Amino acid sequence: MKTPREYTRPAGATRSPMAALVLALALGGCANTGTAPVRETTTEAAPAAAPCPKGGPDGARCWRGVDSAGAPYILALPAEWNRVLVVHAHGGPALGANPDPKRADADYDRWSITVKAGYAWAASVFRQGGVEVRAAAEDTERVRRIFVAHVAQPRRTLLHGQSWGAGVAAKLAEMDTARGGKPRYDGVLLTSGVLGGGTRSYDFRLDLRVVYQALCGNHPKPDEPAYPLWMGLPAASTLSRAELAARVDDCLGTAHPAAQRSPAQSERLKTLARVVRIPEGSVVAHLNWATWHFQDIALHRSGGKPVFGNERARYVGSADDAALNAQVLRYRADPEAVRRFGADTDPDGKIAVPVLTAHAIDDPTAFVELESAFRTTMQRAGTADHLVQAFTHDKVHSYLSDPVYPTLFEALVRWVDDGVKPTPAGIAARCEALVAQYGPGCRFDPGYQPPPLDARITPR
């Protein structure tokens, strides 16, 4: 195993005290002493051999189990293993008290390119539903320990977080740094990440609720009990997703082709999309999250107090902004609720190992501007020299393309092994070179830089 060289930085640049601390943590204990690594132990029960879900390569072996906290998980080992383990933190989050083991199958199928490319796979279905990041991070670390103790000792371990799971992975990497000693994870890949933290990433969904209500007035309906919209829904509500979709269609015509919408529906939909700055096609999805995820936050995360506020937000993009701003409901965030929620969900950027991110420029779910916020977070932590960001010309969120992920994993391993920090141009070129092996889908834009988050989310 090669000893990682110092991460590159501009000539003449000085390292901040925090950066020096993080570098020491990153390199500590990594010298090649010629001794075999000590196999970790765990009190977690051994997993059971099981058939692999569909989508993976022939010859792969899989194991399943439920950890001591009640989280189902799946482990996979390809027939020709490159001795690198990828620990995956999935998106969502799902809601409800009982995790669905089938989620592990869906994730394995979606990310089967990882195992096809020779990487081992370990993924938890988090032990509880809801917007709780640290608990999901703990579940993710637990599945790593199970793999290492009961399946095999990897040469390198990478942490991959997707969507909301990118925030989980970032939090776990921070927790790993805070514990001191040799990092358990050698590198971190964050794709399509919700990386602005819970206290900033979801502000636009409150904007969506208040602007939608001003335009449509049916969530809640006039004959239903009123409640503050930051609450999502009252605890006793029985509103279903189908019922909400019907209300949205009645007001905006979202269930019909554009040609079948009334002029009033079309105008309201265009106004909502312009003011809140979301694609028309994602309105229903974001309203769902602004309803049931907000309900989870209010009931279980914030002590029933508002995390999101809009008292100073000024909305623009309607036919009469003055009238709209006079009509929308206004709320003030509770400082203690914000602090508590932020302590769980907001990244601090203190990550001691290389971090690589990738994001579609036109991601309709987790906006690309969140990457700008994450870079600022790492700059404030003194760890921006650990970060490389790549962007693709895609309009998707959940999955970019098959050649993208092997390209990113390979770049991260080379950075860790040889100290060769990747560049966006190098990533784009290497992706094209891997098309023959993994198929088409390379759309990297090496020159792209995301705008600040305030360019997308109305400033508070």
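As a starting point, this report considers the structure included with it. (Residues numbered from 1 in each chain as written. Predicted model: local features only at pLDDT ≥ 70, side-chain atom pairs only at ≥ 80, totals over all residues. Heavy atoms only, no water.)

1. Some details on the sheet that holds strand β4 (residues 84-89)
Working step 1: Overall, mixed pairing links the 9 strands, which are arranged β1-β2-β3-β5-β4-β6-β7-β8-β9 in an open sheet. Bordering the open sheet on either side are β1 (48-50) and β9 (387-392), each of which pairs with just one other strand. Looking at each pair of strands side by side, their axes are set apart by 20 degrees on average, direction ignored. (Pairing = 2+ DSSP bridges. Helix = DSSP H or I, 4+ residues; strand = E, 2+ residues; numbered from the N terminus. Axes fitted to C-alpha atoms, helices over the stretch in contact; angles between N-to-C directions.)

2. Quick notes on the state of the cysteines
Working step 1: Under the criterion given, the structure shown has 3 disulfides.
Working step 2: For Cys-216, the disulfide goes to Cys-251, at an S-S distance of 1.9 Å. Because the sign of the S-S torsion sets the handedness, a value of about -75 degrees for the bond joining Cys-216 and Cys-251 places this disulfide among the left-handed ones. Of the two residues, Cys-216 is situated in helix α7 (residues 203-216) and Cys-251 in helix α8 (residues 241-252); the sequence distance between them amounts to 35 residues.
Working step 3: Linked covalently through their sulfurs, Cys-431 and Cys-442 form a disulfide whose S-S length is 2.0 Å. Because the sign of the S-S torsion sets the handedness, a value of about -85 degrees for the bond joining Cys-431 and Cys-442 places this disulfide among the left-handed ones. Within this pair, whereas Cys-431 is found in helix α15 (residues 424-433), its partner Cys-442 is found in the segment after α16 (435-438), the two being separated by 11 residues in sequence.
Working step 4: Cys-431 sits in the buried class, given a relative accessible area of 0%. (Disulfide = S-S within 2.5 Å. Buried < 20%, exposed > 50% of the residue type's maximum accessible area, 1.4 Å probe, protein only.)

3. Considerations on the pattern of salt bridges
Working step 1: Summed over the entire model, instances satisfying the criterion amount to 31 salt bridges.
Working step 2: Put simply, Arg-142 and Asp-67 hold a salt bridge, and the shortest N to O gap is 3.1 Å. Here Arg-142, found in helix α4 (residues 133-150), pairs with Asp-67, found in the loop between β2 (61-66) and β3 (72-77); they are 75 residues apart in sequence, far enough to count as distant. Just as Arg-142 is buried, Asp-67 falls in that class too.
Working step 3: Put simply, Arg-145 and Glu-141 hold a salt bridge, and the shortest N to O gap is 3.4 Å. In this pair, Arg-145 and Glu-141 are both assigned in helix α4, 4 residues apart and thus about one turn of the helix distant.
Working step 4: On the basis of relative accessible area, Glu-141 is assigned to the buried category, the value being 5%.
Working step 5: One salt-bridge network, held together by shared partners, links Glu-44, Asp-67, Arg-127, Glu-138, Asp-139 and Arg-142. (Salt bridge = Lys/Arg side-chain N within 4 Å of Asp/Glu carboxyl O.)

4. Some remarks on the side chain of Gln-265
Working step 1: Along the chain, Gln-265 falls in helix α9 (residues 263-276).
Working step 2: Engagement of the side chain of Gln-265 in a polar contact is seen with the backbone nitrogen of Ser-262, the distance being 3.0 Å.
Working step 3: Other than its neighbours up to four places away in sequence, Gln-265 contacts Asp-249, Asp-250, Cys-251, Leu-252 and Gly-253. (Polar contact = N/O pair within 3.5 Å; in protein donor to acceptor, adjacent residues only side chain to side chain. Contact = heavy atoms within 4.5 Å.)

5. A word on the packing of aromatic side chains
Aromatic rings in a pair are described by how distant their centres are and how their planes are angled relative to each other.
Working step 1: Taken as a whole and judged by the stated rule, the model has 11 aromatic pairs.
Working step 2: With a centroid separation of 4.9 Å and an interplanar angle of 35 degrees, the aromatic rings of Tyr-399 and Tyr-405 are classed as tilted.
Working step 3: The buried category is assigned to Tyr-405, whose relative accessible area is 0%.
Working step 4: Taken together, the aromatic side chains of Tyr-202, Phe-294, Phe-308 and Phe-341 make up a single cluster linked through ring pairs. (Phe/Tyr/Trp six-rings, centres within 6.5 Å; stacked < 30°, edge-to-face > 60°.)

6. A word on the pairing of β3
Working step 1: With 6 of 6 residues buried, β3 is to be regarded as a mostly interior element.
Working step 2: With burial as the criterion, each face of β3 is covered, one bearing Pro-72, Ile-74 and Ala-76 and the other bearing Tyr-73, Leu-75 and Leu-77.
Working step 3: Of the pairings in the sheet, the one linking β2 to β3 comprises 6 bridges and is antiparallel in character. Within β3, the residue paired with Trp-63 across the bridge is Leu-75.
Working step 4: Hairpin connection between β2 and β3: a loop of 5 residues separates the two successive antiparallel strands, and Gly-70 in this loop has a positive phi of roughly 95 degrees.
Working step 5: Bridge count for β3 against strand β5 (residues 120-124) is 4 bridges, and the pairing is antiparallel.

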